[in-house]
Amino acid sequence: MKVSIFSTCLVDLMTPNVGIAMVEVLERLGCEIDYPASQVCCGQPTYNSGYLEDSKLAMKNMMLAFENSDYVVGPSGSCIAMFHEYPKIFRGDPEWELKAVALKEKSYEFTQFIVRVLGITDVGARLEGTATYHRSCHMTRLLGEKETPFQLLEQVKGLQLEPLKNSDNCCGFGGTFSVKMPEISEQMVDEKCGCVVETGADILISADMGCLLNIGGRLSRKGQPVKIMHIAEVLNHQQAAAAKGGS
């Protein structure tokens, strides 16, 4: 199965280890990977800020970048959800609407692709520890995916998953929201951090690096020793341990 990787801005520029983990998991599951070099931002930050026409330039670029892909898989429910918005944005456009629909229909968030397309829930991962999971707003509400991360995490050997109180609540990041309304964002992430600490977990897992960087940064400032891990890193952990001679 041929899969094109959509790296997303945060993963590409700030946490490339997450992209590497995603590729290694997919290759281990038998996927043939490529990376269209012309991809850039999906256009979400400027689109959410009201710059619709300016955002379309980035969106058109992405449609062309992945035009010949069989499947497009990304490590962010938020960015994949933006792809799913393209048909509405380009509705009625004789040149771009069909391209927008085509991209939406073949685009999946990482865990969604593994479970719903490959039909796999156990990727052979092992991670000893106690963890909790934060649901990102865009993946849960816009993409509508609530199940696949948990289906995969339940099969990770050695991992004890504790429920997170108010797990559906926003962490306060929201992309440009945290910049435009920092005082409100701070209160929201403080509430989220309190819920994370309350679980007693050593690890906080999510499927969106924006949320993880926001919550992890606040936890660090508050002196709370909770490790953040993208779910791709968790699902790739068995391979990392084996490479070091672990079990």
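Residues numbered from 1 in each chain as written. Predicted model: local features only at pLDDT ≥ 70, side-chain atom pairs only at ≥ 80, totals over all residues. Heavy atoms only, no water.

A. Main features of the overall build of the protein chain. Scanning the protein chain from N- to C-terminus turns up 14 helices and eight strands. Its C-alpha atoms give the protein chain a radius of gyration of 18 Å, near enough to 18 Å, the size a compact globule of 247 residues would have. On the principal axes, the C-alpha backbone points of the protein chain span a range of 55 × 45 × 25 Å. Across the protein chain, the fraction of contacts at a sequence separation of at least 24, relative to all contacts at a separation of at least 6, is 76%. For the protein chain, the accessible surface area stands at approximately 11,500 Å², while carbon and sulfur atoms represent 51% of it. Measuring between centres, the 23 positive side-chain charges of the protein chain sit 2 Å from its 30 negative side-chain charges. (Helix = DSSP H or I, 4+ residues; strand = E, 2+ residues; numbered from the N terminus. Rg over C-alpha atoms; globule rule 2.2 N^0.38 Å. Contact = heavy atoms within 4.5 Å. Areas by Shrake-Rupley, 256 points an atom, 1.4 Å probe, with all protein chains shown as cover. Lys, Arg positive; Asp, Glu negative; His and termini not counted. Charge placed at Lys NZ, Arg CZ, Asp CG, Glu CD.)

B. Main features of the nonpolar core. Phe6, Leu26, Phe83, Tyr86, Phe110, Ile205 and Leu235 are the most contacted members of the largest nonpolar core, which totals 66 residues. Broken down by element, this core gets its largest block of residues, seven residues, from helix H5 (residues 77-89). When residues of this core are assigned to domains, at least three fall in each of domain 1 (2-117) and domain 2 (126-236). Among all residues touching isoleucine 205, those that are not within four sequence positions of it are Ala131, Thr132, Tyr133, His134, Leu153, Leu159, Leu212, Met229, His230, Ile231 and Val234. (Core = buried A, V, L, I, M, F, W, Y, C linked by side-chain atoms within 4.5 Å. Buried < 20%, exposed > 50% of the residue type's maximum accessible area, 1.4 Å probe, protein only. Domains from an automatic or database assignment.)

C. Seen up close, the sheet that holds strand E8 (residues 227-230). Pairing within the open sheet is parallel, and its four strands lie in the order E6-E5-E7-E8. Each end of this open sheet is capped by a strand with a single partner; those strands are strand E6 (157-162) and E8. Recorded for the sheet is a direction-independent mean angle of 35 degrees between the axes of neighbouring strands. Bridge count between strand E5 (residues 126-133) and strand E7 (residues 203-206): three bridges; the pairing is parallel. Considered in E7, the bridge of tyrosine 133 is made with isoleucine 205. (Pairing = 2+ DSSP bridges. Axes fitted to C-alpha atoms, helices over the stretch in contact; angles between N-to-C directions.)

D. The sheet that holds strand E1 (residues 2-5), seen in detail. A sheet is described by the order of its strands in space; here four strands give the open sequence E2-E1-E3-E4, paired in parallel fashion. The open sheet has two free edges, formed respectively by strand E2 (32-34) and strand E4 (107-109), since each of these has just one partner strand. Pairs of neighbouring strands in the sheet enclose a mean axial angle of 35 degrees, with direction left out of account. Sitting on the sheet, H5 is in contact with strand E3 (71-74) and E4, with an inclination near 155 degrees to E4.

E. Here's a closer look at the UniProt feature "domain: Cysteine-rich" (unreviewed entry) in the protein chain. The UniProt entry lists residues 3-83 and 132-215 under the feature "domain: Cysteine-rich" (unreviewed entry), expressed in the numbering used here. A distance of 16 Å separates the end C-alpha atoms of residues 3-83, which is 54% helix and 12% strand. (UniProt positions renumbered as here; feature names shortened; annotations may be inferred.)

F. Molecular detail of unusual backbone geometry. Of note in this structure, threonine 8 is not a glycine but carries a positive phi near 70 degrees. Along the polypeptide, threonine 8 turns up in the loop between E1 and helix H1 (9-13). In this structure, asparagine 166 is a non-glycine residue whose phi angle is positive, near 55 degrees. When you line up the elements, asparagine 166 lands in the loop between E6 and helix H10 (177-180).

G. Expanded view of the side chain of serine 107. In this fold, serine 107 is placed in strand E4. The exposure class assigned to serine 107 is buried, which follows from its relative accessible area of 2%. Engagement of the side chain of serine 107 in a polar contact is seen with the backbone oxygen of leucine 103, the distance being 2.5 Å. Residues in contact with serine 107, not counting those within four places in the same chain, are Val72, Ile80, Phe83 and His84. (Polar contact = N/O pair within 3.5 Å; in protein donor to acceptor, adjacent residues only side chain to side chain.)

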